[in-house]
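A closer look at the structure
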Amino acid sequence: MLYKIGSDQKKNRILQKIKSSGNDNLNQCLQCYKCGGMCQKSDKFDYTPRQILEQIIDGLEESILNSRAIWICETCNECKIDCPVAINFKKIMASLREIAREEGIEPNTEEVNRKFVKKAHCPKKEDD
Amino acid sequence: MSKKALVIGGGIAGINAAVELANNDKLVILVEKNGELGGNVNDMAATFPELDEAQPLLDEQKSKVEDNENIDIKFNSEVISVSGKAGDFKVEINEDGNTVAEEVGAIIVATGFNYMEPNDYSEYGYSRLDNVVTSQEYERMVMNGDIKKYSNSNVVFVHCVGSRDRVKGYRYCSKICCTYSAKHALLLKQEVPSANAFVFYIDIRALGKGYEEFIRDAIEDYGVRYIRGRVSKVINKEDTLLVKAENSLIGNPVELNADLVVLASAMEPQKDSKELAEILGIETDDYGFYKEAQSNMEPVKSSKEGIFLAGSCTAPLEIRESVAMGKAAASESLSFLG
Amino acid sequence: MLEKANDWSDTFYDKWKPIAMGFVNGAEKCLQCGKCTGQCPAAAVNPSYNPRKIIYDLVNGNIKRVLSSVELWQCFFCSGCFATCPVDINFPFFVFMLRLGAMSQGFGWEDVKQLEKYAEKDYLQDGITVSPEERNPYVIEERGDIADIRQKAGMPRQREVSDEAIAEINMISDLSGMTNFMKKIGGVELYDCSKCTPKIEEKCKSKELPKKVGNVKTHYRFYNYGVPIGGADNA
Ligand SMILES: Cc1cc2nc3c(=O)[nH]c(=O)nc-3n(C[C@H](O)[C@H](O)[C@H](O)COP(=O)(O)OP(=O)(O)OC[C@H]3O[C@@H](n4cnc5c(N)ncnc54)[C@H](O)[C@@H]3O)c2cc1C
Ligand code: SF4
Ligand code: SF4
Ligand code: SF4
Ligand code: SF4
Ligand code: SF4
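Quick caveat, the model's predicted, so the values are computed rather than measured.

Scanning chain B from N- to C-terminus turns up seven helices and 19 strands. Relative to its length of 338 residues, chain B is compact, with a C-alpha radius of gyration of 21 Å against a globular reference of 20 Å. Taken over the C-alpha atoms alone, chain B extends approximately 70 × 40 × 40 Å along its principal axes. Counting all 338 residues of chain B, 57% fall into the buried class. The contacts in chain B between residues at least 6 apart in sequence include a share of 65% that link residues at least 24 apart. For chain B, the exposed surface amounts to about 13600 Å²; the carbon and sulfur share of it is 43%. Charge-centre separation for chain B: the mean point of 36 positive side chains lies 5 Å from the mean point of 54 negative side chains.

Right under this line is the structure:
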């Protein structure tokens with residue numbers, strides 16, 4: 001569906017939040033597709049990690065927070081280990097889940113990350 | 001007695017060929033169609049990948065030719081006929097309306113490229129919409145300070161206009177527009193930090209030393225937004241421009257309001273390149289670029305002995321490679337100059 | 001969704017090339033530049049429609065995904081993509097061909113069936129291509145009813161077509177095979193794939209789709225080119 005790119009990056013809430021949670025290298029992503037190919041879970045994702053990243057940069061909040069991928073991600077960190085610019089996807093996905101939860105969005109898939117389910121009620125939430 | 005050499009075209013490639021020959025104590029005739037040397041570099045604000053100012057660099061090069069007594073510069077001139085063979089060419093030159101005959105041992109062709117006017121691209125509205133310009137016009141805007149007025153606005157750079165297009169343009173890739181568009185976005189960010197730069201690309205082709213890092217710096221350090229997708233349309237909408245494209249990394253169409261759209265148009269062969277090829281008796285490819293004797297091993301030899309090629313008359317090239325070819329052509333031609 | 005490139009084949013494309021009178025070729029020239037999708041009105045409003053991706057699948061031979069998709073039926077032949085494509089790919093013609101292919105495999109008949117009424121009543125009987133009854137409600141709201149406008153201008157409410165012309169239309173329909181086709185889609189029955197059991201699946205596989213007049217079976221299709229917002233399982 002058609003979307004508009006906002007020129008004002010400050011209004012891009014989701015980008016600001018992800019950045020403030022310690023991911024300041026988002027624009028280093030080469031869009032090389034390596035992460036999606038390697039992720040154990042990405043065959044069940046609707047968006048591969050790099051697509052999520054692209055959408056964060058463009059501020060497509062609705063489609064990210066409603067996606068399956070953020071819940072299925074195992075936070076296994078494999079994508080970061082092999083990423084040529086070390087994008088910390090584990091952390092990004094964790095933050096996205098937290099944002100989604102704040103917004104009251106329920107996981108829309110059966111295959112929720114077990115780690116997340118376990119800690120859903122923990123005051124410390126997910127660790128890094 | 002040693003023979004003279006003829007260099008056709010006074011762009012950066014021709015200048016370097018002439019200087020190189022003159023430094024080897026050869027007499028050189030430099031034939032330039034226009035009233036000044038420098039060719040397309042005259043329209044350049046800065047050069048990638050170091051962002052050096054272009055005009056001082058060019059002035060230095062020009063002075064090497066102008067101060068050199070071994071080089072006879074013929075402005076407003078063209079070659080009208082060539083006969084004879086390698087080592088012993090007889091050429092006629094139309095110099096400012098007068099025909100002069102010369103004898104030369106070798107010829108170096110350095111007639112450069114023509115910058116395509118994207119008039120066929122009605123979807124981009126070039127020449128119909130204000131604020132849609134080509135990259136070359138944009139370089140001039142940087143030089144005369146016109147881009148300063150685009151503070152707080154969105155500037156969109158469009159890749160591959162006229163290149164990689166079988167319908168309205170050329171099938172080849174112009175090779176350097178990816179890098180000079182990054183340069184333009186960077187210049188924008190440096191001159192007008194409050195402006196936003198957006199670049200629409202198909203692939204990023206950074207084919208040279210330091211070019212990839214240069215483009216990544218634009219993205220990472222200057223916050224230039226790169227969006228993968230060829231721009232489909234530029235529409236005039238309430239005194240701004242609406243740019244439509246697909247972000248093919250996500251797969252969604254996207255829209256963007258822009259105040260200035262810069263088209264990275266193709267570098268095409270000179271309009272008269274085929275006529276000159278006929279006069280010289282050398283071959284061109286289908287587009288009109290001059291053909292090398294062998295594309296891997298003989299990059300500066302033309303299909304005819306004694307005639308050499310340099311610079312962007314062979315293919316779209318950056319300055320660095322044009323200069324290298326000019327110097328290489330000069331050294332290869334020495335063997336025909338006695 | 002994980003895809004297995006080993007399953008892909010390009011026989012479909014090669015087979016259809018000669019049938020399509022030379023209009024359908026050159027897909028392999030596609031640069032994947034996205035210029036088509038960027039200006040496509042259907043892509044602007046549909047969550048997952050994307051002509052570029054369909055071409056990509058066709059070239060790769062991932063034809064299964066194309067034919068079983070809902071997206072294939074979202075193009076409405078405006079030809080904007082053809083006009084703008086830098087390598088001259090006539091994509092609307094591809095869609096035409098692919099839809100025929102999809103129907104031959106039992107997809108999309110229910111969409112075609114919706115047009116039955118227009119074809120039978122408006123086109124074959126009255127000789128007009130725009131139905132006076134089924135008009136876009138938005139247009140009626142904004143511009144008014146075209147029948148009223150015609151009347152005000154002193155014209156009959158509906159365009160009148162001479163009997164001779166209607167006879168000619170019918171003749172064309174007979175000769176081109178359209179009449180036959182209309183009979184064929186007389187009754188469309190939908191397989192409910194969401195309630196598929198191994199038994200039904202077996203039946204489905206073993207049996208060629210019935211070609212008999214008046215009763216065509218058709219499969220459910222899927223959003224194969226992206227998930228509409230709201231999750232996976234509502235395809
Ligand atoms: C917008 C833009 C930005 C660019 N930015 C950069 C950059 O940042 N860095 C970089 O390395 N490169 C850049 N380039 C490329 C650079 O301009 C070329 O590499 C360079 O100009 C090639 O030099 P040349 O001598 O081969 O050709 P030209 O510069 O085209 O010179 C050819 C000369 O030959 C003359 N001539 C033509 N035909 C005849 C004839 N028949 N008889 C006599 N004389 C003739 C012409 O008048 C001209 O003076 C850019 C190009 C463009 C279009
Ligand atoms: S592996 Fe890293 S650089 Fe490559 S697409 Fe994924 S996040 Fe980007
Ligand atoms: S951290 Fe998540 S996205 Fe990355 S490889 Fe593991 S499951 Fe995939
Ligand atoms: S260099 Fe880049 S912008 Fe220029 S034609 Fe090639 S891919 Fe397109
Ligand atoms: S515009 Fe043409 S070349 Fe570009 S993606 Fe579409 S079909 Fe392919
Ligand atoms: S013909 Fe179909 S695919 Fe092409 S622009 Fe129109 S709706 Fe989109």
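All names here are of chain B. In the region of ligand 4, the neighbouring residues are His159, Cys160, Ser163, Arg164, Cys173, Ser174, Lys175, Ile176, Cys177, Cys178, Asp203 and Arg205. For the shell around ligand 4, the secondary-structure elements that each account for two or more residues are β11 (154-161) and α4 (177-191). Class assignment for the residues of the shell around ligand 4 results in five nonpolar, three polar and four charged.

So, on to the packing of aromatic side chains. All names here are of chain B. Scanning the entire structure with this criterion turns up eleven aromatic pairs over all chains. Geometrically, the ring pair formed by Tyr170 and Tyr172 is stacked, given 5.2 Å between the ring centres and 20 degrees between the ring planes. For Tyr172, a relative accessible area of 10% corresponds to the buried category. Ring centres 5.8 Å apart and planes at 50 degrees place the aromatic pair Tyr201 and Tyr226 in the tilted group. With a gap of 25 residues between them, Tyr201 in strand β12 (residues 196-201) and Tyr226 in strand β13 (residues 225-228) connect regions that are remote in the sequence. In this structure an aromatic cluster arises from ring pairing among Tyr170, Tyr172, Tyr287 and Phe289.

Ranked by size, the top nonpolar core spans 39 residues in total, and within it Tyr138, Phe157, Leu188, Tyr226 and Leu260 of chain B carry the most contacts. Elements with a minimum of two residues in this core: β9 (113-115), α3 (135-143), β11, α4, β12, α5 (211-220) and β17 (260-265) of chain B. Of all the elements, α4 of chain B adds the most residues to this core, at seven residues. For this core, the domains that each give at least three residues are domain 1 (4-112 + 270-336) and domain 2 (116-267) of chain B. The contacts of Tyr226 of chain B, once residues within four sequence positions are left out, are Glu54 of chain A together with Ala182, Val199, Tyr201, Ile204, Ile215 and Ile219 of chain B. Leu58, Leu98, Trp109 and Val112 of chain C belong to the second-largest nonpolar core, a separate cluster that totals 34 residues.

Right, let's get into the domain arrangement of chain B. Residue and element names in this part refer to chain B. Taken domain by domain, chain B holds domain 1 (4-112 + 270-336) and domain 2 (116-267). Taking only C-alpha atoms, the centre of domain 1 and the centre of domain 2 are 31 Å apart. The interface is formed by 18 residues belonging to domain 1 together with 24 residues belonging to domain 2. Summed over both sides, the interface between domain 1 and domain 2 buries roughly 1800 Å², with carbon and sulfur atoms accounting for 66% of that surface. For Lys175, the salt bridge identified is with Glu318, shortest N-O distance 3.2 Å. Where domain 1 packs against domain 2, one counts seven residue pairs in polar contact (both at pLDDT 80 or more). Split into classes, the residues belonging to the side of domain 1 that touches domain 2 amount to ten nonpolar, four polar and four charged.

What follows is about the packing of helix α3 (residues 49-58) of chain A against helix α7 (residues 89-102) of chain A. Residue and element names in this part refer to chain A. Axis separation between α3 and α7 bottoms out at 11 Å; the angle between their running directions is 60 degrees. Accordingly, the angle class assigned to the pair α3 and α7 is oblique. Seen along the crossing, α3 lies across α7 with a hand that is left-handed. In contact with Pro49, Arg50, Ile52, Leu53 and Ile56 of α3, α7 contributes Phe89, Ile92, Met93 and Leu96.

This part takes up α3 of chain A. Most of α3 of chain A sits out of view: ten of its ten residues are buried. Taken together, the buried positions of α3 of chain A are Pro49, Arg50, Gln51, Ile52, Leu53, Glu54, Gln55, Ile56, Ile57 and Asp58 of chain A.

Now for the side chain of Thr37 of chain C. Checked against the element boundaries, Thr37 of chain C lands in helix α2 (residues 35-39). According to the relative accessible area criterion, Thr37 of chain C is buried, its value standing at 0%. Apart from residues no more than four positions distant in its own chain, Thr37 of chain C is found in contact with Glu246 and Pro253 of chain B together with Ala43, Asn50, Pro51 and Arg52 of chain C.

This part is about the interface of chain C and chain B. Taken together, the 20 residues of chain C in the interface contact 22 residues of chain B. Taking both partners together, chain C and chain B bury about 1600 Å²; carbon and sulfur atoms supply 51% of that area. A salt bridge links Arg52 of chain C to Glu246 of chain B; the nearest nitrogen and oxygen atoms lie 2.8 Å apart. The tally of links between chain C and chain B comes to twelve residue pairs in polar contact (both at pLDDT 80 or more). For the side of chain C that touches chain B, the secondary-structure elements that each account for two or more residues are α2, α3 (41-45) and α4 (51-60) of chain C. Among the elements that make up the side of chain C that touches chain B, the one with the highest residue count is α2 of chain C (four residues). Across the side of chain C that touches chain B, the residue classes tally to eight nonpolar, seven polar and five charged.

Mean pLDDT for chain A: 82, with 84% of residues reaching 70 or above. Mean pLDDT values for the elements of chain A range from 60 in helix α8 (residues 114-119) of chain A up to 91 in α3 of chain A.

Attention shifts here to the side chain of Glu32 of chain B. Among the secondary structure elements, Glu32 of chain B is positioned in the loop between β2 (28-31) and β3 (46-47). With no salt bridge to any partner, buried Glu32 of chain B finds its closest opposite charge in Lys33 of chain B, at an N-O distance of 7.0 Å.

Residues and elements named next belong to chain B. The local shell around ligand 1 holds 38 residues, among which Glu32, Asn40, Lys183, Leu317 and Ile319 are the closest. Glu32 places a side-chain nitrogen or oxygen 2.7 Å from an oxygen atom of ligand 1. One of the side-chain N or O atoms of Lys183 is found 2.6 Å from an oxygen atom in ligand 1. When isolated, ligand 1 has an accessible area of 1000 Å², and the protein chains bury 97% of it. For the shell around ligand 1, the secondary structure elements donating two or more residues are α1 (12-23), β3, β9, α3, α4 and α7 (319-333). Among the elements that line the shell around ligand 1, the one with the most residues is α3, at three residues. Across the shell around ligand 1, the residue classes break down as 15 nonpolar, 16 polar and seven charged.

This part takes up the interface of chain A and chain B. Each partner contributes to the interface: chain A provides 19 residues, whereas chain B provides 20 residues. A buried area of about 1800 Å², summed over both sides, lies between chain A and chain B, and 51% of it is on carbon and sulfur atoms. With a shortest N-O distance of 2.9 Å, Asp58 of chain A and Arg225 of chain B are connected by a salt bridge. Run the count over chain A and chain B and you get 16 residue pairs in polar contact (both at pLDDT 80 or more). Taken together, the elements giving at least two residues each to the side of chain A that touches chain B come down to β1 (3-4) and α3 of chain A. Ranked by residues supplied to the side of chain A that touches chain B, first place goes to α3 of chain A with six residues. Of the residues in the side of chain A that touches chain B, the class split is nine nonpolar, six polar and four charged. Two strands pair when backbone bridges link them, and β1 of chain A and strand β16 (residues 252-258) of chain B are joined in this way by two bridges, in the parallel orientation. Looking at the pairing, Tyr3 of chain A lines up with Val254 of chain B of β16 of chain B.

About the cut-offs
- Residues numbered from 1 in each chain as written.
- Chains lettered and ligands numbered in written order.
- Predicted model: local features only at pLDDT ≥ 70, side-chain atom pairs only at ≥ 80, totals over all residues.
- Heavy atoms only, no water.
- Helix = DSSP H or I, 4+ residues; strand = E, 2+ residues; numbered from the N terminus.
- Rg over C-alpha atoms; globule rule 2.2 N^0.38 Å.
- Buried < 20%, exposed > 50% of the residue type's maximum accessible area, 1.4 Å probe, protein only.
- Contact = heavy atoms within 4.5 Å.
- Areas by Shrake-Rupley, 256 points an atom, 1.4 Å probe, with all protein chains shown as cover.
- Lys, Arg positive; Asp, Glu negative; His and termini not counted.
- Charge placed at Lys NZ, Arg CZ, Asp CG, Glu CD.
- Near = heavy atom within 4 Å.
- Nonpolar A, V, L, I, M, F, W, Y, C, P; charged D, E, K, R; others polar.
- Phe/Tyr/Trp six-rings, centres within 6.5 Å; stacked < 30°, edge-to-face > 60°.
- Core = buried A, V, L, I, M, F, W, Y, C linked by side-chain atoms within 4.5 Å.
- Domains from an automatic or database assignment.
- Buried area = accessible area lost by both parts, 1.4 Å probe.
- Salt bridge = Lys/Arg side-chain N within 4 Å of Asp/Glu carboxyl O.
- Polar contact = N/O pair within 3.5 Å; in protein donor to acceptor, adjacent residues only side chain to side chain.
- Axes fitted to C-alpha atoms, helices over the stretch in contact; angles between N-to-C directions.
- Parallel < 35°, antiparallel > 145°, perpendicular 65-115°, else oblique.
- Left-handed = near helix turned anticlockwise from the far one by under 90°.
- pLDDT = per-residue confidence, 0-100.
- Pairing = 2+ DSSP bridges.

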